[in-house]
Amino acid sequence: MRLTGMQKALWAAAGIAVLAYATLLRDAGPSPGFVAGAPFHPTFSLPDETGRLLSPSDFGGKHLLVFFGFTNCPDVCPTTLAEVAQVMDDLGPDAGKVQPLFISIDPERDRRLGLADFTAAFHPAIIGLAGDAAQTRAAADSFRIHFARENDATAPDGYTISHSPALYLIGPEGDWLRQFTYGTPASEILADLRSRL
Amino acid sequence: MKTLAFSAILSLTASAAFACETVTLGDLIIQNAWSRATIGAGRPGVLYLEITNKGSTDDALVGIATPAAGMPMLHETVVSNGVASMPHAMAVPVPAGQTVALAPGGYHGMLMDLTAALKEGETFPVTLMFQTAGEVTVTVDVLSMRAEGPDCADAGQ
Ligand SMILES: [Cu+2]
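Residues numbered from 1 in each chain as written. Chains lettered and ligands numbered in written order. Predicted model: local features only at pLDDT ≥ 70, side-chain atom pairs only at ≥ 80, totals over all residues. Heavy atoms only, no water.

Concerning the overall build of chain B
For chain B, the helix and strand inventory stands at one helix and 12 strands. In chain B, the order of α-helices and β-strands from amino to carboxyl end is α-β-β-β-β-β-β-β-β-β-β-β-β. Each of the 157 residues in chain B was classed as buried or not, and the buried ones make up 48%. A separation of at least 24 residues holds for 70% of the contacts in chain B among residues at least 6 apart in sequence. Split by element, the accessible area of chain B, about 6700 Å² in all, is 54% carbon and sulfur. (Helix = DSSP H or I, 4+ residues; strand = E, 2+ residues; numbered from the N terminus. Buried < 20%, exposed > 50% of the residue type's maximum accessible area, 1.4 Å probe, protein only. Contact = heavy atoms within 4.5 Å. Areas by Shrake-Rupley, 256 points an atom, 1.4 Å probe, with all protein chains shown as cover.)

What follows is the structure, given as structure tokens:
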């Protein structure tokens with residue numbers, strides 16, 4: 001089949017439109033729905049396992065790698081924490097410039113089961129934070145992420161939690177930098193961090 | 001008593017090198033069964049493996065049973081609109097001529113009500129129930145909590 005110049009132009013236009021639409025879909029991730037260019041400073045005030053209340057400004061200008069999860073989550077959460085652990089190992093001397101944080105969205109049960117033991121099993125640098133219900137909801141709202149407790153008679157204690165499984169990168173000034181969607185390889189996260197440190 | 005029996009199973013297999021065994025059931029080949037270590041028995045464990053259907057009829061994994069957990073179930077992690085949840089999966093389809101994986105971020109065996117902590121380096125048996133092919137028991141290798149895939153020489157092939 002031979003295409004006329006006009007047909008070629010039309011096909012090219014259609015191709016560009018499809019690409020543009022695909023880009024739009026990809027970039028229109030549901031969370032967080034911030035406006036590009038507008039400053040976004042997600043925050044939290046949550047205790048670690050010793051009861052010390054921590055906020056983004058308490059980490060001495062480090063980059064923060066933030067993950068919301070719960071320790072009764074045997075599939076998605078360990079996968080992401082393992083990636084974070086790998087990144088911390090691979091950062092070598094730069095590891096001190098990055099603070100990985102695991103914010104529990106199931107704080108009561110996670111405190112009971114032991115959050116620090118859990119995070120330490122992945123990497124000693126990871127700090128687990130577990131507040132009360134209000135502090136937890138405030139942190140999730142500030143990061144514009146979703147989590148919801150869902151009753152499920154077959155789940156441990158009769159409930160499970162749906163949640164945003166991405167990893168969030170916060171800059172030294174508390175500014176939102178980007179998210180890494182679930183399943184982003186450690187090597188990609190590492191390369192991104194290296195370009196910023 | 002249940003715990004005692006289970007400990008016996010674990011200690012028998014604790015020192016064995018990882019089998020990464022391949023098990024055949026009719027047209028089905030099951031391999032790369034692995035799990036992650038747990039801290040204590042208070043949180044659920046997980047089960048991953050690969051099933052290849054070399055036959056010309058579709059089958060499906062419809063259930064799992066193991067002495068390692070009081071309530072093992074098939075789950076599927078679904079990420080939809082940026083939110084992850086893991087509903088119960090009634091069956092994992094194993095179409096003719098295809099390989100399906102229970103793998104991180106997708107189908108998995110959810111091992112609730114663990115009998116004992118799953119310790120790295122140990123193994124435990126899991127019986128898989130298929131709609132057509134029947135039942136078969138495979139050996140599951142318990143890897144580190146940080147493991148992201150099976151730890152066999154032929155892993156990922
Ligand atoms: Cu599950």
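Quick notes on the nonpolar core
Among the nonpolar cores identified, the biggest contains 83 residues, and A:Phe44, A:Phe68, B:Leu128 and B:Phe130 are the most heavily contacted of them. In terms of residue count, the dominant contributor to this core is helix H2 (residues 76–91) of chain A (eight residues). Each residue touching B:Leu128, except ones within four places of it in the same chain, is listed here: B:Ile30, B:Leu49, B:Leu61, B:Gly63, B:Ile64, B:Gly134, B:Glu135, B:Val136 and B:Val138. Residues B:Trp34, B:Tyr48, B:Leu143 and B:Ala147 belong to the second largest nonpolar core, which totals five residues. (Core = buried A, V, L, I, M, F, W, Y, C linked by side-chain atoms within 4.5 Å.)

Digging into the confidence of the model for chain B
Here chain B shows a mean pLDDT of 88. Residues at 70 or above account for 85%. Residue range residues 1–16 of chain B is modelled with pLDDT below 50. Its contacts to residues more than four positions away, or to other chains, number 18 contacts. (pLDDT = per-residue confidence, 0-100.)

Here's the deal with the layout of surface pockets
One water molecule sets the probe size; rolling that probe over the atoms shows where empty space is left. All names here are of chain A. Volume-wise, the second largest pocket comes out at about 290 Å³. Listing elements by their share of the lining of the second largest pocket, those giving two or more residues are helix H3 (107–113), helix H5 (133–143), strand S6 (147–151) and strand S7 (159–163). Class assignment of the residues belonging to the lining of the second largest pocket gives a composition of six nonpolar, two polar and seven charged. (1 Å grid on protein atoms, 1.4 Å probe; cavity = no way out; pocket = protein on both sides within 12 Å on 5 of 7 lines; lining within 4 Å. Points joined across faces, edges and corners; volume = space filled by probe spheres on them. Nonpolar A, V, L, I, M, F, W, Y, C, P; charged D, E, K, R; others polar.)

Structural notes on the pattern of salt bridges
It is possible for side chains bearing opposite charge to pair when their charged atoms get close. Residues and elements named next belong to chain A. Enumeration over the complete set of coordinates arrives at eight salt bridges over all chains. Here Asp106 and Arg109 are joined by a salt bridge, their closest N and O atoms 2.7 Å apart. When its relative accessible area of 4% is taken as the criterion, Asp106 is described as buried. As a salt-bridge pair, Asp192 and Arg178 come within 3.1 Å of each other at their nearest N and O atoms. Of this pair, Asp192 sits in helix H6 (residues 186–196) while Arg178 is found in strand S9 (residues 176–180), placing the two residues 14 residues apart along the sequence. Here Asp192 falls in the buried class, since its relative accessible area comes to 13%. For Arg178, a relative accessible area of 28% puts it in the partly exposed group. (Salt bridge = Lys/Arg side-chain N within 4 Å of Asp/Glu carboxyl O.)

Structural notes on the environment of B:Arg36
Summarising the element assignment, B:Arg36 is placed in strand S2 (residues 28–36). It is 24 Å that separates the C-alpha atoms of B:Arg36 and B:Glu135, two residues lying 99 residues apart in sequence. A polar side-chain atom of B:Arg36 sits 3.2 Å from a polar atom in the side chain of A:Thr79. (Polar contact = N/O pair within 3.5 Å; in protein donor to acceptor, adjacent residues only side chain to side chain.)

Overview of empty space enclosed by the protein
Per the stated rule, a full pass over the model turns up four cavities of 30 Å³ or more. The calculated volume of the largest cavity comes to roughly 140 Å³. If you trace the largest cavity, you find 15 residues lining it, with A:Phe118, B:Ala37, B:Thr38, B:Pro44 and B:Met145 closest to the centre. Looking at the lining of the largest cavity, the elements that each hand over two or more residues are helix H4 (115–122) of chain A together with strand S3 (45–53) of chain B. For the lining of the largest cavity, the per-class residue count stands at 10 nonpolar, three polar and two charged. When its volume is computed, the second largest cavity comes out at roughly 80 Å³. Lining the second largest cavity are 14 residues, with A:Ala155, A:Pro156, A:Thr160, B:Met86 and B:Met110 positioned closest to its centre.

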